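Residues per chain, in single letters:
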Amino acid sequence: MPNPLSLTDAVDLTNIAIQDVWIKGSEKDSQFYKDYYNVETGVVDYEVRDSSISGLGYAGRITENAAVTAASPVQGFDKTYTQVQYGILMSFTKMVWFFGIKKRKIEQIVEEARSAVADLRELRCADRLDQSYNTTYNATDISGNYLVTVTGGDAAAYISASHTREDGGTAWSNRVTDGTTVNMDFEYDALKAAHRTAALQVGPTGKPLNINLDTLVVSRGYAVHNRAVEILGAINRGWIPGSANRDASGVPNYKIIALPWITTNTAYWWMFDSTKKGPRYGLQYKEAMPISLEGPNVVFKTGEIQYKATSVFDLGFSDARGWCGSRGTNAA
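In this text, all values refer to a predicted model and were calculated from it rather than measured experimentally. (Residues numbered from 1 in each chain as written. Predicted model: local features only at pLDDT ≥ 70, side-chain atom pairs only at ≥ 80, totals over all residues. Heavy atoms only, no water.)

### Some points on the side chain of Q306
Mapped onto the fold, Q306 is located in strand β11 (residues 305-317). For Q306, a relative accessible area of 18% corresponds to the buried category. Polar contacts involving the side chain of Q306 include one to the side chain of N297, which spans 2.8 Å. In terms of polar contacts, Q306 uses its side chain to reach the side chain of E304, at 3.1 Å. When sequence neighbours within four positions are dropped, the list of residues in contact with Q306 reads L89, M90, S91, E294, G295, P296, N297 and V299. (Helix = DSSP H or I, 4+ residues; strand = E, 2+ residues; numbered from the N terminus. Buried < 20%, exposed > 50% of the residue type's maximum accessible area, 1.4 Å probe, protein only. Polar contact = N/O pair within 3.5 Å; in protein donor to acceptor, adjacent residues only side chain to side chain. Contact = heavy atoms within 4.5 Å.)

Laid out in C-alpha cells, this is it:
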C-alpha cells in the first residue's frame with residue numbers, strides 16, 4: 001500500500017473528467033463482539049489477573065450427637081490479561097490532500113482508520129471461536145505474523161473434552177455430543193445434544209450447573225447459518241424441522257449471532273447461555289483504551305497529512321462453562 005498516498009497513486013482524485021468519487025469503506029464501528037463477550041472498559045493496569053474460589057459441595061447427614069462434617073472451598077484457576085495496542089496510520093501528500101481529498105469533500109475518509117481498528121477487533125474476537133479447538137494459533141495483520149495463546153485458566157482450549165475441574169474431580173467437556181457422536185453437524189438432533197452437553201457441565205466441586213442455552217453462534221452465510229435459520233425458524237413456529245410433528249411448540253426461542261469474520265472453520269457452531277455472560281464465565285474483553293482517532297498531524301518538512309487510530313485491549317477466557325461447541329464433522 002502506498003504511504004503516503006500520492007497523486008500518482010490516486011489519479012482519479014484530481015481527474016476533472018470524473019464528477020463523483022465515492023468512499024466504499026468499512027462498517028462503521030461494528031460491535032458484534034458485545035453480543036457474545038463480556039465487555040469491561042476503563043482498565044487501568046497493563047496486566048489484569050483474575051481468579052476464583054468455589055463454594056462448597058453438598059452438605060452431609062448428621063447423626064445424633066455427631067460433629068458436623070467440615071469442608072472448605074476450592075481455589076480456582078487464574079487468568080492473566082495483558083493489554084495490547086492495535087492501530088493504523090493513514091497519510092496523504094500535501095498535494096493529494098488539497099487537490100484531491102478536500103476538493104472532493106471526502107475528508108471523512110480518515111474515519112476509515114477508526115473502522116480498520118474496529119474491524120480488527122471483531123476479527124480477533126471471532127478468532128477465539130474460529131480457533132476454539134486450539135491452544136495457540138498464528139495471527140496475521142498488516143504488521144506481520146505473531147503467535148497467540150488462546151488457553152483459559154485451566155490451560156485447555158475453549159472447546160475441549162478435558163476441562164480440568166478445580167477440586168481435581170472428573171474433567172468436564174463442552175464438545176457437543178449425544179453420548180455417541182461427537183462434534184455433530186447442526187441439525188435438530190444436534191440442538192438437543194447441545195443441551196445434553198450443557199447439562200453435564202458441573203461446577204468446581206462437581207455440582208450441576210443451571211445452564212440454559214439460548215444463543216447460537218455461526219459463520220454468516222455458510223451452510224450452518226442457513227440450516228440454523230431453517231431449523232430455528234421452524235421451531236419458533238412450533239414445527240419440528242423436516243417433520244409433520246408439532247412437538248417443537250414446547251421448544252424455546254433461540255437467538256442467532258452470525259459472524260462474517262469466521263472464515264476458516266465455517267462448519268463450526270457454538271451455543272451459550274446469555275444469562276451467564278459476565279465476568280465469571282465465557283469470553284472476556286478487557287479494554288484500557290477505546291478506539292481513538294488522532295490527527296491531523298502535519299509533517300513539517302514535507303507537508304504530509306497524517307491520521308492515526310489506535311486502541312488498547314486484550315481478550316480471552318478463564319472459565320468456558322456455559323458454552324459448548326461443535327466442529328460439525330460428526331467425528332471426534
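Don't stop here, the text continues.
### Observations concerning the sheet that holds strand β12 (residues 323-326)
Within the open sheet, the four strands sit side by side as β8-β7-β9-β12. Their pairing is mixed. Since the sheet does not close on itself, it has two edges, and those belong to β8 (255-259) and β12, each with one partner. Within the sheet, the average angular offset between the axes of one strand and its neighbour, ignoring direction, is 20 degrees. Pairing of strand β9 (residues 269-272) with β12, which is carried by four bridges, proceeds in the antiparallel orientation. Residue W270 lies in a different strand from β12, and its bridge partner there is G325. (Pairing = 2+ DSSP bridges. Axes fitted to C-alpha atoms, helices over the stretch in contact; angles between N-to-C directions.)

### Looking at the environment of V299
Along the chain, the position of V299 falls in the loop between β10 (283-298) and β11. Counting along the chain gives 205 residues from V299 to K94, while the straight-line C-alpha distance between them is 9.5 Å.

### So, the nonpolar core
Counting residues in hydrophobic clusters, the biggest one holds 28 residues, and the most contacted among them are Y36, L129 and W323. When residues of this core are traced back to their parent elements, those giving at least two are α2 (111-130), β8, β9, β10 and β11. Once you skip the residues sitting within four places of it in the chain, W323 turns out to touch Y36, L129, Y158, N174, Q201, V217, W270, M271, F272, G282 and L283. Among the nonpolar cores identified, the runner-up in size contains 23 residues, and A198, L216, V224 and A258 belong to it. (Core = buried A, V, L, I, M, F, W, Y, C linked by side-chain atoms within 4.5 Å.)

### Remarks on the layout of surface pockets
In this approach the atoms are scanned with a rolling probe the size of a water molecule, which exposes any empty space left behind. Counted as a void, the largest pocket has a volume near 500 Å³. S52, P204, Y281, D319 and R321 are the residues nearest the centre of the largest pocket, which is lined by 31 residues in total. Counted by class, the lining of the largest pocket contains twelve nonpolar, twelve polar and seven charged residues. (1 Å grid on protein atoms, 1.4 Å probe; cavity = no way out; pocket = protein on both sides within 12 Å on 5 of 7 lines; lining within 4 Å. Points joined across faces, edges and corners; volume = space filled by probe spheres on them. Nonpolar A, V, L, I, M, F, W, Y, C, P; charged D, E, K, R; others polar.)

### Considering the pairing of strand β2 (residues 47-50)
Residues V48 and D50 of β2 are buried on one face, while the alternating residues E47 and R49, pointing to the opposite face, are not. The pairing of β2 with strand β3 (residues 79-82) spans four bridges and is classified as antiparallel. By the bridge assignment for β3, V48 is matched with Y81.

### Quick word on the pattern of salt bridges
A complete count under the given rule lists eleven salt bridges for this structure. We note a salt bridge from R227 to E187, for which the minimum N-O separation is 3.0 Å. Taken together, the positions of R227 in helix α4 (residues 223-236) and E187 in the loop between β6 (144-149) and α3 (188-199) put the pair 40 residues apart, joining distant regions of the chain. Given the relative accessible area of 25%, R227 is considered partly exposed. With a relative accessible area of 31%, E187 lands in the partly exposed category. A salt bridge links R321 to D319, with the shortest nitrogen-to-oxygen separation between them at 2.7 Å. (Salt bridge = Lys/Arg side-chain N within 4 Å of Asp/Glu carboxyl O.)

### Details of the packing of aromatic side chains
Taken as a whole and judged by the stated rule, the model has 13 aromatic pairs. Judged by centre distance (4.8 Å) and plane angle (55 degrees), the rings of Y33 and Y285 are tilted. With a gap of 252 residues between them, Y33 in the segment before β1 (38-40) and Y285 in strand β10 connect regions that are remote in the sequence. Judged on exposure class, the residue Y33 and its partner Y285 are both buried. Clustering of aromatic rings is evident, with ring pairs tying together Y33, Y86, Y285 and F313. Just above the ring of Y81 sits the side chain of K79; from NZ or CZ to the centre is 6.0 Å. The aromatic ring of Y58 is capped on one face by K207, whose charged end is 5.8 Å from the ring centroid. (Phe/Tyr/Trp six-rings, centres within 6.5 Å; stacked < 30°, edge-to-face > 60°. Lys NZ or Arg CZ within 6 Å of the ring centre and 35° of its normal.)

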